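Structural features, examined
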Amino acid sequence: MIRKVLIANRGEIALRVICACKELGIRTVAIYSEADRNSLHVRYADEAICIGPPRSAESYLNVPAVISAAEIADADAIHPGYGLLSENANFAEVCRASNIKFIGPPPEVTRLMGEKEKARMAMKQAKVPILPGSDGVVATEGEALEWAKSIGFPVIVKAKAGGGGRGMRVIRTQAELSQHFQAAQTEAANAFGNGDLYMEKFIEQPRHIEFQVLADEHGHVMSLGERECSIQRRHQKLIEEAPSLQVTEKLRTETGNTIRKCLEHIGYQNAGTIEFLMDEDGKLYFIEMNTRIQVEHPVTEAITGVDLVKAQLRIAGGETLNDIIPNPIVIRGHAIECRVNAEHPEKFTPSAGRITAFNVPGGNGVRVDTAQYSEGFVPPYYDSMIAKLIVHGKDRQEAMARMRRALEMFVVEGIHTTIPLHRKIFDDDEFRQGRFDTKFMERFFEREKERIHKLHEVGKTALV
Ligand code: MV4
């Protein structure tokens, strides 16, 4: 049993972990940077320790400072949240060496999944479907050409240490391969300190579908179904939902069983997410695994009734999955999440500043996860997400109607946010019909441009 947890994060996820701890009777320690003195995670934790200046590198990412805070506060575990140190195997190792429980998988597993081409090979061995591609790293342009010929164009090269699209290049011809291969290596080396690339068959218009898993420390793994996360812009998710209308009961069960066996074999522990691409034929192919709690976890919580963060804490305390979650998991209704970011609506640049008014929607089937409040301040140093709006309904229709009214009622003044953008997406036919893929946002912005152009032609103002 865990007695006291240090939360190595900020914002809504720090608050989310505090909620779970309070419900389990676990004491909480917040850490904060000088820019976060007045943050809610500081106010709601039992104790709080300032660990450094505003910039993340000097505070939330400063491993000695985080470990020292945990030792001073006598915390027996650290919850890393998402981002920051959550997928840093070295940090998990330092925790282990300091006798502090890291709430996540063992460092060896985090390291394996962080090396994307190794994760791919591990999945292949366990019969989880992967896309045709290279066996491991592709070292030279010559090797790349050999692989591309055997896989067939178009292909995509990806950084082994990557994520977020950096070091990634789509290659359609032999000429493009010469143009892009070394550029991708250089970009990956600059971004991740490692230029190694691997190759996959390129899927033109995939859907992004991911499976949530929980694994205890006694060898049991369970799947909690999938989330549909295709509505993205610049590799940042905007809207997530669960379940996916494209995943049949049969595909859900089969995929769940395959990943369960795979992760039991690997020795996975705690919460994790397996990302897949779905092609036009509705087939799923593994692309990568995330070894953390994710931003979009609440949509899975809504449809399964499982509190994933409480499950993480209880697993880390040694409890078995059998005692934590129902078996089988029953999926009820449909949930959708909108990410509310503080950013300029056209330029997508972060919009820091004072919030002058903040009114969150509530009522039946509505959940808002946020650490913001009226007169609060959005500092410029961190991620721009200031709130998550999650709705749950009996089906997708009801969830969408609920989201529209909740977006209408959500008031944020003083800074720009993505709320107006979400309102427009929920009016969009393609979105409403659920026919989208990862190119949706590009098509959506094209339609928007056209719509505004037409309004100008008839002499109306653009702002409708
Ligand atoms: C792909 C792909 C098409 N084919 N892999 C982008 C981020 C990284 N995690 C994986 N990504 C992609 N990998 C193959 N073989 C298309 C993307 C992709 C994408 C994936 C999910 C959601 C949005 C995306 C936007 C552009 C490209």
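Relevant structure appears above.
One structure accompanies this document, and this report is about it. (Residues numbered from 1 in each chain as written. Predicted model: local features only at pLDDT ≥ 70, side-chain atom pairs only at ≥ 80, totals over all residues. Heavy atoms only, no water.)

So, the overall build of the protein chain
Along its length, the protein chain carries 16 helices and 20 strands. The C-alpha atoms of the protein chain give a radius of gyration of 22 Å, which matches the 23 Å a tight globule of 464 residues would have. Each principal axis of the C-alpha atoms in the protein chain carries an extent, and together these give about 60 × 60 × 45 Å. When the 464 residues of the protein chain are sorted by exposure, 55% land in the buried category. Taking contacts inside the protein chain between residues at least 6 apart in sequence as the whole, the part at least 24 apart equals 64%. Accessible area for the protein chain stands at about 19800 Å²; split by element, carbon and sulfur atoms hold 49% of it. (Helix = DSSP H or I, 4+ residues; strand = E, 2+ residues; numbered from the N terminus. Rg over C-alpha atoms; globule rule 2.2 N^0.38 Å. Buried < 20%, exposed > 50% of the residue type's maximum accessible area, 1.4 Å probe, protein only. Contact = heavy atoms within 4.5 Å. Areas by Shrake-Rupley, 256 points an atom, 1.4 Å probe, with all protein chains shown as cover.)

A word on helix H7 (residues 141-151)
Buried within H7 are the following residues: Ala144, Leu145, Ala148 and Ile151. End-on view of H7: buried residues confined to an arc of 135 degrees, all on one side of the axis. More than 90 degrees from the buried face of H7, the exposed residues found are Glu146, Lys149 and Ser150. Contacts from the buried residues of H7 go to strand E6 (155-159), helix H8 (174-192) and strand E8 (197-201). After H7 finishes, the residue glycine 152 shows a positive phi value of roughly 95 degrees. (Arc of directions from axis to C-beta.)

A look at unusual backbone geometry
Of note, the bond from phenylalanine 153 into proline 154 is cis; its omega dihedral lies within 30 degrees of zero at -5 degrees. Relative to the assigned elements, proline 154 resides in the loop between H7 and E6. Phi is positive for asparagine 99, which is not a glycine, with a value near 65 degrees. Mapped onto the elements, asparagine 99 comes out in the loop between helix H4 (89-97) and strand E5 (101-102). Its relative accessible area of 72% is what places asparagine 99 among the exposed residues. A positive phi angle is found at histidine 235, which is not glycine, with a value near 65 degrees. In this structure, histidine 235 sits in the loop between strand E10 (221-233) and strand E11 (236-242).

Observations concerning the site of the ligand
Taken together, 15 residues lie near the ligand, and Lys158, Glu200, Lys201, Ile203 and Glu288 sit nearest. Contact distances for the ligand include 2.7 Å between a nitrogen atom and a backbone N or O atom of lysine 201. For the ligand, a nitrogen atom lies 3.0 Å from a polar atom in the backbone of isoleucine 203. For the ligand, whose unbound accessible area comes to 520 Å², protein coverage reaches 87%. Broken down by secondary-structure element, the contributors of at least two residues to the shell around the ligand are E6, E8 and strand E13 (284-290). Of the residues contributing to the shell around the ligand, the split by class is seven nonpolar, four polar and four charged. (Near = heavy atom within 4 Å. Polar contact = N/O pair within 3.5 Å; in protein donor to acceptor, adjacent residues only side chain to side chain. Nonpolar A, V, L, I, M, F, W, Y, C, P; charged D, E, K, R; others polar.)

Let's talk about the pairing of strand E9 (residues 207-215)
With respect to burial, E9 is a largely interior element, nine of its nine residues being buried. In this sheet, strand E12 (residues 270-278) lies alongside E9 in antiparallel orientation, the contact comprising nine bridges. Counterpart to histidine 208 in the pairing with E12 is leucine 277. Counted between consecutive antiparallel strands, the loop separating E9 from E10 contains five residues, among which glycine 219 sits at a positive phi close to 90 degrees. (Pairing = 2+ DSSP bridges.)

Some remarks on the pattern of salt bridges
Taken as a whole, this structure holds 48 salt bridges when the rule is applied. With a shortest N-O distance of 3.3 Å, glutamate 115 and lysine 160 are connected by a salt bridge. Of the two residues, glutamate 115 is situated in the loop between helix H5 (107-114) and helix H6 (116-125) and lysine 160 in the loop between E6 and strand E7 (169-171); the sequence distance between them amounts to 45 residues. Judged by relative accessible area, lysine 160 falls into the buried class, the value being 12%. Ionic pairing is found between arginine 169 and glutamate 187, a salt bridge with its closest N-O pair at 2.9 Å. On the criterion of sequence distance, the pair formed by arginine 169 in strand E7 and glutamate 187 in helix H8 is long-range, its members being 18 residues apart. On the accessibility criterion, glutamate 187 (28% relative accessible area) is partly exposed. Because the salt bridges share partners, they merge into one network encompassing Glu210, Arg227, Lys237, Glu240, Glu296 and Arg339. (Salt bridge = Lys/Arg side-chain N within 4 Å of Asp/Glu carboxyl O.)

Looking at the packing of H5 against H6
Between H5 and H6, the shortest axis-to-axis distance is 5 Å and the interhelical angle comes to 100 degrees. Taken together, the axes of H5 and H6 lie roughly perpendicular to each other. Seen from H5, the contacting residues are Leu112, Met113 and Gly114; seen from H6, they are Lys116, Lys118, Ala119, Ala122 and Met123. (Axes fitted to C-alpha atoms, helices over the stretch in contact; angles between N-to-C directions. Parallel < 35°, antiparallel > 145°, perpendicular 65-115°, else oblique.)

Looking at the state of the cysteines
Within this structure, the stated rule accounts for zero disulfides. Summary of cysteine pairing: cysteine 262 is not part of a disulfide, and the nearest cysteine sulfur, belonging to cysteine 229, is at 20 Å. (Disulfide = S-S within 2.5 Å.)

Describing the nonpolar core
Ile2, Val5, Ile103, Leu214, Val306, Leu313 and Ile325 are the most contacted members of the largest nonpolar core, which totals 36 residues. Mapped by element, the contributors of at least two residues to this core are strand E1 (4-7), helix H1 (11-24), E10, helix H11 (308-316) and helix H12 (321-324). Of the residues forming this core, the biggest block, seven residues, is contributed by H1. Ignoring any residue separated from it by four or fewer positions in sequence, one finds valine 5 in contact with Cys21, Ile26, Arg27, Thr28, Val29, Ala75, Ala77, His79, Ile103 and Leu313. Counting residues in hydrophobic clusters, the runner-up holds 32 residues, among them Val340, Ala342, Val391 and Phe440. (Core = buried A, V, L, I, M, F, W, Y, C linked by side-chain atoms within 4.5 Å.)

Section: the sheet that holds strand E4 (residues 77-79)
Within the open sheet, the five strands sit side by side as E3-E2-E1-E4-E5. Their pairing is parallel. Each having just a single partner strand, strand E3 (47-52) and E5 make up the two edges of the open sheet. In this structure, E4 lies alongside E5, joined through two bridges in parallel fashion. Bridge assignment links alanine 77 to a residue of E5, and that residue is lysine 101.

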